[in-house]
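The lines below spell out each chain.
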Amino acid sequence: MAQDKATGAKAPMTVLATEPEAGVTRRRIATLQGPFQIAGRRVRGGERLQFELPMAQLYTQAPLDMPVEVIRGRWDGPVLLISAAIHGDEINGIEIIRRLRTLTALNRLHGTLVLVPIVNLFGFLSQSRYLPDRRDLNRSFPGLVKGSVAARTANVFFESVVTRCTHIIDLHTAAINRENLPQIRATLDQPGVEEMARGFAIPVIVDSGLLDGSLRAEAGKIDIPVITYEAGEALRLDEKAIVAGVRGVVNVMRTLEMLPSRRSRAARAEPYVANTTSWFRSPADGLFRPLTRLGSQVRKGETLGVVSAPFTSDDTVLAAPFEGIVICVSKMPLVNEGDALFHLARFRTASEVEGEIASHDSEIADDPLFDIETVDDIEAESS
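What you see is a predicted model; the values in this text were computed from it and never measured.

On to empty space enclosed by the protein. Under the counting rule described, the total for this entry stands at one cavity of 30 Å³ or more. Here the largest cavity defines a volume of roughly 40 Å³. Contributing to the lining of the largest cavity are Met55, Leu64, Met66, Val119, Asn120, Leu121, Phe122, Leu131 and Thr153. Its residues placed into classes, the lining of the largest cavity shows seven nonpolar, two polar and no charged.

With that settled, the discussion passes to the pattern of salt bridges. For the structure shown, the criterion picks out twelve salt bridges. We note a salt bridge from Glu69 to Arg48, for which the minimum N-O separation is 3.1 Å. Placement of the pair is Glu69 in strand S6 (residues 66–72) and Arg48 in strand S5 (residues 48–53), with a sequence separation of 21 residues. Under the relative-accessibility criterion, Glu69 is labelled buried at 6%. Taking the shortest distance from any N to any O, the salt bridge between Arg185 and Glu230 comes out at 3.7 Å. Here Arg185, found in strand S10 (residues 178–186), pairs with Glu230, found in strand S12 (residues 226–232); they are 45 residues apart in sequence, far enough to count as distant. Exposure remark for Glu230: the relative accessible area of 9% places this residue in the buried category. Among the ionic contacts, a cluster of salt bridges with common partners joins Glu95, Arg98, Arg99 and Glu239.

This part is about unusual backbone geometry. The omega angle of the peptide bond from Phe141 to Pro142 is 0°, so this bond is cis rather than trans. Position of Pro142 among the secondary structure elements: in the loop between helix H2 (121–126) and helix H3 (149–160). Of note in this structure, Gln127 is not a glycine but carries a positive phi near 55°. Structurally, Gln127 can be placed in the loop between H2 and H3. Look at Ala201: it is not a glycine, yet its phi comes out positive at around 65°. Here Ala201 lies in the loop between helix H4 (193–199) and strand S11 (204–207).

Now for the layout of surface pockets. One number sums up the size of the largest pocket: a volume of about 560 Å³. At the level of secondary structure, the elements contributing two or more residues to the lining of the largest pocket comprise strand S9 (167–172), S10, S11, helix H5 (215–221), S12 and strand S14 (276–281). In the lining of the largest pocket, the residues fall into eight nonpolar, 13 polar and nine charged.

Attention shifts here to the packing of helix H6 (residues 239–255) against helix H7 (residues 350–365). At their nearest, the axes of H6 and H7 sit 10 Å apart, and the two run at 90° to each other. Taken together, H6 and H7 sit at an angle that is classed as roughly perpendicular. Residues Lys240, Val243 and Ala244 of H6 pack against His360, Asp361, Ile364 and Ala365 of H7. When its residues are assigned to classes, the contact of H6 with H7 shows four nonpolar, one polar and two charged.

With that settled, consider H7. For H7, spanning 16 residues, the distance from its first C-alpha to its last is 23 Å, which sits close to the expected 22 Å at 1.5 Å a residue. Considered for burial, the residues of H7 that qualify are Ala350, Val353, Glu356, Ile357, His360 and Ile364. Mapping the buried residues of H7 onto a view down its axis gives an arc of 115°, with all of them on the same face. Contacts from the buried residues of H7 go to S10, S11, H6, strand S13 (272–274), strand S16 (297–298) and strand S19 (324–330).

Burial analysis of strand S17 (residues 303–308) places five of its six residues in the buried class, which makes it a mostly covered element. Here four bridges tie strand S15 (residues 286–290) to S17, and the two strands are oriented antiparallel to one another. From the neighbouring strand, Phe288 faces S17, where its bridge partner is Val307. Of the strand pairs in this sheet, S17 and strand S18 (residues 315–319) are connected by five bridges, and their pairing is antiparallel.

Analysis parameters
Counting of residues starts from 1 at the beginning of each chain's written sequence and follows it residue by residue. Per-residue local features of the predicted model are confined to residues with pLDDT of at least 70, and side-chain atom pairs are confined, for both listing and counting, to 80 or more; whole-chain, interface and lining totals are unaffected and use all residues. As a convention, hydrogens and water are excluded, and side-chain values are obtained from all of the structure's heavy atoms. Both site types are read off a 1 Å grid over the protein atoms alone. A 1.4 Å probe that fits but cannot get out defines a cavity, while an open set with protein on both sides within 12 Å along at least five of seven lines defines a pocket; lining residues have an atom within 4 Å of a point. Grid points are joined across faces, edges and corners, and a volume is the space filled by probe spheres set on the points. In the scheme used here, Gly and all other residues not listed as nonpolar or charged are polar, with Ala, Val, Leu, Ile, Met, Phe, Trp, Tyr, Cys and Pro taken as nonpolar and Asp, Glu, Lys and Arg as charged. One speaks of a salt bridge when a side-chain nitrogen belonging to Lys or Arg is within 4 Å of a carboxyl oxygen belonging to Asp or Glu. Numbering of helices and strands runs from the N terminus; a helix is a DSSP stretch of H or I covering at least four residues, while a strand is a stretch of E covering at least two. We call a residue buried when its accessible area falls under 20% of the maximum for its residue type, exposed when it is over 50%, and partly exposed in between, using a 1.4 Å probe and counting protein chains only. To get an axis, fit a line to the C-alpha atoms, keeping to the stretch in contact for a helix; angles then go from 0 to 180 degrees between the N-to-C directions. Angle categories are assigned with fixed cut-offs, so that under 35 degrees is roughly parallel, over 145 is roughly antiparallel, 65 to 115 is roughly perpendicular, and the rest are oblique. Throughout, a contact is declared for two residues whenever any of their heavy atoms are within 4.5 Å. Multiplying 1.5 Å by the helix residue count minus one yields the expected span of that helix. The arc in question is traced by the directions running from the helix axis to the C-beta atoms. Only strands joined by at least two bridges in the DSSP assignment are considered to pair.

In structure tokens form, the structure reads like this:
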């Protein structure tokens, strides 16, 4: 290893990395990575390490240890955290991470991938959004060393894992009995966030504010860009949402130059940013029947659905309050007045967004990942 003549320090080792692209040889200078430290462990370049991070215990003294996997590439690059199940009943993200970690493209990884498939182990085991203290973990960051189970879990995860990363993709679904259209939620005026949000390459981006105690808010305070992928519903595996999630994470990794770019320049979804969103709530009690689907455009006054009184012939027609795209719909047919039924997003060109959503859905259905048997084929086209 060469030495810097001025300081006598050893200079970083560089090598020529050769990779095929479209029948030709591409050569670039790549810097080898040194060891990466996380939660008291060291992971060298080219290594993978799985471990369990000790968390709080239940009153039975059963541990709630958090599974972590670190995939350290041979070459320098960002440290990207992919986290899921901060709400324990939101399980699509667990499957996204399970498939992501098997991709052969990770053999060409630049940087480091930190995978935490189940942040809220108690919620996952009990099929619940919450922790045993009934706290929402995504309102508990950065947490406390001494406090409730949620506060201590948030503290260990934040201090031991989050602060070691440079970028974060947090995977979520809608809450119980609701279904989300695949979408990115992000605060686009924060440094580095818009690049990741657009890089995910799905049609809908919601430029949303930050909630106190959320992972996005607290990580943003220490200049770590975070995007949240929302898709599907709690306690359900949605294949299209999973495929879109895996493809989106890979797209972000390419955007951050953690993975090689595509050999074929296939069309990517055109992202559209929602100006505002609003919940439409039930004006009556009864049986709810939605008459519009996720991703569809609705115009002001158009029928969204009907709420019917169960013992009379009375129907309450639900009219859209403004033009927009349906990004979430309730799956619960029994509703009370005031229940949230539809989440509508405003766009400057809603018809274009609807067309892009339909096109993206079609591409996902044709994706090799949609056939679980060919999951590894996602990277066959990569250089």
